[in-house]
Structure formats: structure tokens, C-alpha cells
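Commentary on secondary and tertiary structure
Residue-level listing of the chains:
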Amino acid sequence: MQVINKLAIFAKAFGAELILTHIDQSNSDPEYNALTKHLMTEFMSKIDYPKISYKIVKSAHVENGLNWLIRHLHIDMLALDHRNHNFFDRLINGSHTQKIASQITIPLLIFKNPNNNQM
């Protein structure tokens, strides 16, 4: 919620639309989809900003989902909540933030999650 609140303040200063996005890598489990929609709706209800919406993008890979979002919704800037991953996850999967940063041509705003301090 802290990141979304900061983004809303930033978006409000420019009168920009804020689209919360979840990249769904699951196999379309109905319970999971219902929970995701509920959480997105709850996040939006707690933000005092009228130009906010959400989009669930189904993609097996986060980077592909973000690239689809940029191309199809004509995003002017992408903001990510960067989370630290443990050593083995970084070794096997790498960083979504670093991968997308090397692929996109629009501005990228990265929020470091202060509550996630994994080694």
C-alpha cells in the first residue's frame, strides 16, 4: 500500500492515470483470480485518486506481460515495486526489474520495498 500511495501522489501531480497491474503466471485458478480481483479492488478503494484502475495480464513470464502492457495500453512510464530475492532465486531466475529495464524504451521508476530485506 505504501508504494501505491506514493504512486498516487506522483500521478496526481501530473493528472496521470494510474493502472495497477498484476502479471498472472497461474493456470487460471478461479479462487486465485477472485482473490486477486478482490485485493486489487480493495487497494483501489483505499487510494484517494479517481484516475486509478487495474489490469490483470496473463503471461507465463513477468517481462513478457509487462512488455505486452506497454505496447497495448500505451504506457508512458512503468513503475515497479522492486523486491529483494534470496541468493538462489537471483541465481536461477534473475531480477525481473533488471530484465525489463534492459528491454523497454520508456522511463522506469523503481520503488525499493523497505519491508523485504532477504539476503
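Let me sum up the structure you'll find in this document. (Residues numbered from 1 in each chain as written. Predicted model: local features only at pLDDT ≥ 70, side-chain atom pairs only at ≥ 80, totals over all residues. Heavy atoms only, no water.)

1. Brief notes about the overall build of the protein
In plain terms, the rule: Only runs of H or I of at least four residues qualify as helices and only runs of E of at least two qualify as strands under DSSP, and these elements are numbered from the N terminus. Exposure classes here rest on a 1.4 Å probe applied to the protein chains alone. A residue is buried below 20% of its type maximum, exposed above 50%, and partly exposed in between. For this analysis, residues touch if any pair of their heavy atoms sits within 4.5 Å. A 1.4 Å probe and the Shrake-Rupley method give the accessible areas. Residues count as covered only by the protein chains that appear here.
Per the secondary structure count, the protein includes five helices and four strands. The linear arrangement of helices and strands in the protein, starting from the amino end, is α-β-α-β-α-β-α-α-β. For the protein, the proportion of its 119 residues judged to be buried stands at 30%. Contacts spanning at least 24 positions in sequence make up 72% of the contacts within the protein whose residues lie at least 6 apart. For the protein, the accessible area works out to roughly 8,200 Å², and carbon and sulfur atoms hold 57% of it.

2. A look at unusual backbone geometry
Backbone geometry places His 74, a non-glycine residue, at a positive phi of 55°. Of note, His 74 is situated in the loop between α3 (62-73) and β3 (78-82).

3. A few points about helix α1 (residues 2-14)
Selection rule: Given a helix with a known number of residues, its expected span is that number minus one, times 1.5 Å.
The first and last C-alpha atoms of α1 sit 19 Å apart over 13 residues, in line with the 18 Å expected at 1.5 Å per residue. One or two steps after α1, the chain reaches Gly 15, where phi turns positive at roughly 65°.

4. Here's the deal with the side chain of Asp 24
Mapped onto the elements, Asp 24 comes out in strand β1 (residues 18-24). When sequence neighbours within four positions are dropped, the list of residues in contact with Asp 24 reads Tyr 32, Asn 33, Ile 56, Val 57, Lys 58 and Ser 59.

5. Things to note about the environment of Tyr 32
For Tyr 32, the position within the fold is in helix α2 (residues 30-45). Since its relative accessible area comes to 29%, Tyr 32 is described here as partly exposed. Tyr 32 has contacts with His 22, Asp 24 and Ser 26, leaving out every residue within four places of it along the chain.

6. A short note on the pattern of salt bridges
Applied cut-off: For this analysis, a salt bridge means a side-chain nitrogen from Lys or Arg found within 4 Å of a carboxyl oxygen belonging to Asp or Glu.
Taken as a whole, this structure holds two salt bridges when the rule is applied. A salt bridge links Asp 24 to Lys 58, with the nearest nitrogen and oxygen atoms 2.8 Å apart. Taken together, the residues Asp 24 in strand β1 and Lys 58 in strand β2 (residues 52-58) connect sequence positions 34 residues apart. Judged by relative accessible area, which is 1%, Asp 24 ranks as buried. Residue Lys 46 is joined to Glu 42 by a salt bridge in which the shortest nitrogen-to-oxygen separation is 3.3 Å. Using a relative accessible area of 32% as the deciding quantity, one classes Glu 42 as partly exposed.

7. Looking at a nonpolar patch on the surface
Put simply, the test is: Residues qualify for a patch when their relative accessible area is over 30% and they have no salt bridge, like charges being joined within 9 Å and the nonpolar side chains of Val, Leu, Ile, Met, Phe, Trp and Tyr within 5 Å.
On the surface, Phe 10, Phe 14 and Met 77 cluster together into a nonpolar patch covering about 310 Å² of accessible area. Looking at the secondary structure, you find Met 77 in the loop between α3 and β3.

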